[in-house]
Amino acid sequence: MRLNSDVQMSMVSESRLAGDAKAAARAAEDARLKEACAGFEAIMLQTMLKGMRQTLPGDGIFGQGQAEEIWQSRLDQELAERISKGGNSPGLRDFLYRQLSRSGGDG
């Protein structure tokens, strides 16, 4: 009787460990998905900022050199990342996350 009880306890423990491992894997995958969605939103925001910057008139008094182009590109990238990670995100990352997490659960 005792052996049977020990086997059952062992099976329950293994089942819980397997469940915990699956939950940890799902949580890690969920975190990666959220990070990917935020990254995609940042890329879209950077593209939008670059497009908006191109609509501004003129090159200024000294013209626009390669260094200024690099600086503006880096500025757009930083602004996009901060907007995406901040509380005032446009919501694209959340929309993508909901859609992709829903579709991931179906397959």
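Provided above is the structure to which this section pertains.
Each chain has its residues counted from 1, following the order in which its sequence is written. Since the coordinates come from a predicted model, pLDDT governs what is reported: local features require at least 70, and pairs of side-chain atoms require 80 or more to be given and counted, while whole-chain, interface and lining totals use all residues. Excluded from the side-chain calculation are hydrogens and water; included are all heavy atoms of the structure.

**Some points on the side chain of serine 84**
And then number 1: For serine 84, the position within the fold is in helix H2 (residues 66-85).
And then number 2: For this analysis, a polar contact is any N or O atom pair within 3.5 Å, provided that within protein one partner can donate a hydrogen and the other can accept it, and provided that sequence-adjacent residues contribute only side-chain to side-chain pairs. At 2.8 Å, the side chain of serine 84 forms a polar contact with the side chain of glutamate 41.
And then number 3: Beyond its immediate stretch of four places on either side in the chain, serine 84 contacts Ala38, Glu41, Ala42, Leu45, Ser89 and Arg93. Each helix corresponds to a stretch of at least 4 residues labelled H or I by DSSP, and each strand to a stretch of at least 2 residues labelled E; elements are numbered beginning at the N terminus. We call two residues contacting when some pair of their heavy atoms lies within 4.5 Å.

**A word on the side chain of glutamine 72**
And then number 1: Here glutamine 72 shows up in helix H2.
And then number 2: Overall, glutamine 72 belongs to the buried group, its relative accessible area being 15%.
And then number 3: With residues near it in sequence (within four places) discarded, glutamine 72 still touches Arg53 and Gln64. With a 1.4 Å probe rolled over the protein chains alone, any residue whose accessible area is under 20% of its type maximum counts as buried; one over 50% counts as exposed, and the rest are partly exposed.

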